[in-house]
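Secondary and tertiary structure notes
The residues making up each chain are set out below.
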Amino acid sequence: MPRFSDVALLLSLIVCILSHASCAQDPPANDVCANATLISSLPFTMEGTVTGATPDEWTIEGTCNFKQVSPGNGTWYKVEDMDGGVTLRALFSGMDAMLLVGTECGQTFSCADSQVGRDSNDPNDGLFYDFTTVRGQNHYMYVAPTKDFPGPKFTVSVTERTTSPTIAPVSTAPTRSAADRKMTTVQSLLLTVGFGIFATIRNLV
């Protein structure tokens, strides 16, 4: 006797054939590097998925401590039109990602110079990268399933990191009022005159 699951699968295949519809999931719009989602204004937040993603080949120098290798079935994001020297944080919730540096797709990427960590406040133990933009270079984010974080859905957010303003130290030395400073000046003048008179008398004696 056939199982219910087998019957359901057979019925779904019959529906696909009769409706002339494709049973395959369409790939995401940013399935390949050339169609990477552009990130040019901040803050940026977007939900994504790797469902239907197709293998995409690329070359990098090193492994960037990432478990997914080329070719991989992931999606792409690209940070561009940013001034150099801007410190950003890219946070990936629900799936891991790799941060790459390059000038354009089709060329060899390198691992981005960044600080990597896990956000303990994120329910999915989100992976984050803190990095600084470099004029003339583009940062690419490759989001793909791994054994630990298979997805398929995730959220990516990019924000600018701000530093605390530098506060000048407050002097603890006591301050004197104008009257105190005036009195000190008068005392100095009297002492000077007194020493002068004393020296004159001494010379006369």
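Please refer to the structure placed before this passage.
Let me begin by describing the structure that accompanies this report. What you see is a predicted model, and the numbers here were worked out from it, not measured in a lab.

The next subject is the overall build of the protein chain. Broken down by element type, the protein chain carries 2 helices and 11 strands. Ordered by position from the N terminus, the helices and strands of the protein chain form the series α-β-β-β-β-β-β-β-β-β-β-β-α. For the protein chain, buried positions account for 34% of its 205 residues. Considering only contacts in the protein chain between residues 6 or more positions apart, those separated by 24 or more positions represent 78%.

Pairing is mixed across the open sheet formed by 6 strands, whose spatial order is β1-β4-β10-β6-β7-β3. Each edge of the open sheet carries a strand with a single partner, namely β1 (37–39) and β3 (60–61). Pairing of strand β6 (residues 97–102) with strand β10 (residues 138–143) involves 6 bridges; the strand directions are antiparallel. Bridge assignment links methionine 98 to a residue of β10, and that residue is tyrosine 142.

Per the counting criterion, the structure on display carries 5 salt bridges. For the salt bridge of arginine 89 with aspartate 130, the shortest nitrogen-to-oxygen distance reads 2.7 Å. Taken together, the residues span a long stretch of sequence, with arginine 89 in strand β5 (residues 87–93) and aspartate 130 in strand β9 (residues 127–132) at a distance of 41 residues. Of the two residues, arginine 89 and aspartate 130, both sit in the buried class. Notably, a salt bridge pairs aspartate 130 with arginine 161, separated by 3.9 Å at the nearest N-O pair. Of this pair, aspartate 130 sits in strand β9 while arginine 161 is found in the loop between β11 (153–160) and α2 (178–204), placing the two residues 31 residues apart along the sequence. Residue classification places aspartate 130 among the buried positions, given a relative accessible area of 15%. On the basis of relative accessibility, which here comes to 40%, the residue arginine 161 falls in the partly exposed class. Salt bridges linked by common partners bring Arg89, Asp130 and Arg161 together as one network.

Glancing now at the side chain of asparagine 30. Locating asparagine 30 in the fold gives a position in the loop between α1 (4–19) and β1. If we skip the residues at most four places from it in the chain, asparagine 30 touches Asn35, Ala36, Thr37, Thr75, Trp76 and Tyr77.

Counted according to the given criterion, the structure contains 1 disulfide. Each sulfur in the disulfide pair cysteine 33 and cysteine 105 lies 1.9 Å from the other. The disulfide joining cysteine 33 to cysteine 105 has a torsion of about -80 degrees about its S-S bond and is therefore left-handed. Of this pair, cysteine 33 sits in the loop between α1 and β1 while cysteine 105 is found in the loop between β6 and β7 (109–111), placing the two residues 72 residues apart along the sequence. We classify cysteine 33 as buried; its relative accessible area is 9%.

Let us now look at the packing of aromatic side chains. Scanning all chains against the criterion turns up 7 aromatic pairs. For the pair tryptophan 76 and tyrosine 140, a centre-to-centre distance of 6.4 Å together with 80 degrees between the ring planes defines the contact as edge-to-face. With a gap of 64 residues between them, tryptophan 76 in strand β4 (residues 75–79) and tyrosine 140 in strand β10 connect regions that are remote in the sequence. Judged on exposure class, the residue tryptophan 76 and its partner tyrosine 140 are both buried. Ring plane angle 50 degrees and centroid distance 4.7 Å describe the contact between tryptophan 76 and tyrosine 142, whose orientation is recorded as tilted. Residue tryptophan 76 is found in strand β4, and its partner tyrosine 142 is found in strand β10; the two are separated by 66 residues along the sequence. Like tyrosine 142, tryptophan 76 is buried. One aromatic cluster is present, built from ring pairs that chain together Trp76, Phe109, Tyr140 and Tyr142. Seen from the ring of phenylalanine 128, arginine 89 lies directly overhead, with NZ or CZ sitting 3.7 Å from the centre.

Rules behind the numbers
- Residues numbered from 1 in each chain as written.
- Predicted model: local features only at pLDDT ≥ 70, side-chain atom pairs only at ≥ 80, totals over all residues.
- Heavy atoms only, no water.
- Helix = DSSP H or I, 4+ residues; strand = E, 2+ residues; numbered from the N terminus.
- Buried < 20%, exposed > 50% of the residue type's maximum accessible area, 1.4 Å probe, protein only.
- Contact = heavy atoms within 4.5 Å.
- Pairing = 2+ DSSP bridges.
- Salt bridge = Lys/Arg side-chain N within 4 Å of Asp/Glu carboxyl O.
- Disulfide = S-S within 2.5 Å.
- Phe/Tyr/Trp six-rings, centres within 6.5 Å; stacked < 30°, edge-to-face > 60°.
- Lys NZ or Arg CZ within 6 Å of the ring centre and 35° of its normal.

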